[in-house]
Amino acid sequence: MKVITCRNYGASEELQLEDWEIPTPKENEIRIKNYKTSVNSGDWRIRKPDPEIARLYFGLTKPRQPVLGISVSGVVDAVGKNVTKFKVGDRVFGSSGMKMGAYAEFVCIPESAVITILPKEISFSEGAALPFGSLTALDFIQKCKIKENQTIIIYGASSSVGTSAIQLANYFGANVTAVCSKGNFKLVESLGAKSVMDYEEFHSESHKKNYDIVFECVGKSTIKSNLKVLAKGGVLVLVAALFKEMFQAGLLSLTKGIKIKFGPIAETIENLELLTKLTKEGKFKVVIDRSYPLEKMAEAHNYVEAGHKKGNVVIDILD
Ligand SMILES: NC(=O)c1ccc[n+]([C@@H]2O[C@H](COP(=O)([O-])OP(=O)(O)OC[C@H]3O[C@@H](n4cnc5c(N)ncnc54)[C@H](OP(=O)(O)O)[C@@H]3O)[C@@H](O)[C@H]2O)c1
């Protein structure tokens, strides 16, 4: 089978096409014939790595798992003898989580993973694009405990997380203001943003409006500028916080009692199933920017790393 490996940390050239034996599923595993995957912002960060401290988790001198990628979307083509949840022929999708391994034509994964049936109304491409940003947005949106008509400002609204957060905040009854570049105004409005704002406006001193929730998706604005527009008693979400911001946020929570949500999300099967239901019913739409064939993985990484994709980037593995 075709696999893209990353044998050393570094630039996208480290991503190489290799030919591997098709794996055999263990007793509790299903094997997925993987039609599509996606390249997410987390993927290039692990490849580099960025930050360097990520080596402690992913491997000190080189990636311990040479096959990156977390999104799987395909058909079950073999099952281990203890598997009860899925059968051969099921259309499935989901996340392999920190085990990764999704940049491959076949992926073996425990049936207990965050994997579910892909309804026929959802394409394999949408299945591959869904898990990363949507599970992240949903987890943080749930932490905000949104009440009807609360105001939320979503900074970095055109990102994978942002395009999902707009729709989910709307679904839970919030009034959404989206912050992005002018070129993405139409996109975010089509997803349900009631007002739109350019980055520059958000950072300007004249922006005095207060929001119940400030949802920072891309780590491009400071905690100080976010707090400037947060209502008293409101919630600040820092999706992309790295160690420095986490430390700062922890300190602010402790000393000033400000509600700040940050840190790694918990990917859950319940949330994947909720997203599947909303997508099937037409209440949620995963945004796909573009697709690349598996062989062009390095190009896909360069595009995602440049930081200007709209929503998600899909990789076509099999037809
Ligand atoms: N906490 C967690 O567990 C968790 C989970 C998943 C992801 N994350 C983090 O969440 C972040 C977002 O990931 P993602 O994949 O959703 O991002 P992404 O899709 O790669 O973000 C790209 C988007 O960001 C916009 N952008 C760039 N600069 C901006 C700025 N200065 N102000 C506002 N928007 C700007 C770009 O719009 P323009 O082209 O118009 O500039 C583009 O549409 C990443 O840092 C990722 O590591 C955290």
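Residues numbered from 1 in each chain as written. Predicted model: local features only at pLDDT ≥ 70, side-chain atom pairs only at ≥ 80, totals over all residues. Heavy atoms only, no water.

As recorded in an unreviewed UniProt entry, the protein chain goes by NAD(P)-dependent alcohol dehydrogenase and comes from Leptospira noumeaensis.

Another aspect to go through is the sheet that holds strand 10 (residues 195-198). Strand order in this open sheet of six strands is 10-9-8-11-12-13, and the pairing throughout is parallel. Two strands in the sheet have a free side with no partner beyond their single neighbour: strand 10 and strand 13 (259-262). Direction aside, neighbouring strands of the sheet carry axes that sit 20 degrees apart on average. With four bridges joining them, strand 8 (residues 151-155) and strand 11 (residues 211-216) adopt parallel strand pairing. From the neighbouring strand, I153 faces strand 11, where its bridge partner is V214. The strands that helix 9 (residues 243-256) touches are strand 12 (230-238) and strand 13; relative to strand 13, the one it contacts most, it runs at about 150 degrees. (Pairing = 2+ DSSP bridges. Helix = DSSP H or I, 4+ residues; strand = E, 2+ residues; numbered from the N terminus. Axes fitted to C-alpha atoms, helices over the stretch in contact; angles between N-to-C directions. Contact = heavy atoms within 4.5 Å.)

To continue, consider the domain arrangement of the protein chain. It is common to give the size of an interface as the accessible area that goes away when the parts come together. Structurally, the protein chain comprises domain 1 (2-130 + 286-316) and domain 2 (134-262). Relative placement of domain 1 and domain 2: their C-alpha centres are 28 Å apart. In total, about 850 Å² of surface goes out of reach between domain 1 and domain 2, with carbon and sulfur atoms giving 60% of it. The interface formed by domain 1 and domain 2 contains zero salt bridges. At the surface where domain 1 touches domain 2, the tally comes to four residue pairs in polar contact (both at pLDDT 80 or more). A class-by-class count of the residues in the side of domain 1 that touches domain 2 yields six nonpolar, two polar and two charged. (Domains from an automatic or database assignment. Buried area = accessible area lost by both parts, 1.4 Å probe. Salt bridge = Lys/Arg side-chain N within 4 Å of Asp/Glu carboxyl O. Polar contact = N/O pair within 3.5 Å; in protein donor to acceptor, adjacent residues only side chain to side chain. Nonpolar A, V, L, I, M, F, W, Y, C, P; charged D, E, K, R; others polar.)

What follows covers the pattern of salt bridges. As enumerated under the stated definition, the model contains 17 salt bridges in all. Of the charged contacts in the structure, one is a salt bridge between K26 and E29, with a shortest N-O distance of 4.0 Å. Residue classification places K26 among the exposed positions, given a relative accessible area of 56%. A relative accessible area of 9% places E29 in the buried class. (Buried < 20%, exposed > 50% of the residue type's maximum accessible area, 1.4 Å probe, protein only.)

With that settled, consider helix 4 (residues 131-144). Over its 14 residues, helix 4 extends 20 Å from the first C-alpha to the last, a length consistent with the 20 Å expected when each residue adds 1.5 Å. In terms of burial, helix 4 is largely enclosed, as 12 of its 14 residues are buried. All buried positions along helix 4 are accounted for by P131, F132, G133, S134, L135, T136, A137, L138, D139, F140, I141 and C144. Remark: K145 follows helix 4 within two positions and exhibits a positive phi of approximately 45 degrees. (Expected span 1.5 Å × (residues − 1).)

Quantified by volume, the second largest pocket comes out at close to 410 Å³. As for the second largest pocket, its lining consists of 23 residues, and the residues nearest its centre are Q65, M100, G101, V107 and C108. It is strand 6 (residues 106-110) that contributes the most residues to the lining of the second largest pocket, five residues altogether. Of the residues contributing to the lining of the second largest pocket, the split by class is 14 nonpolar, five polar and four charged. (1 Å grid on protein atoms, 1.4 Å probe; cavity = no way out; pocket = protein on both sides within 12 Å on 5 of 7 lines; lining within 4 Å. Points joined across faces, edges and corners; volume = space filled by probe spheres on them.)

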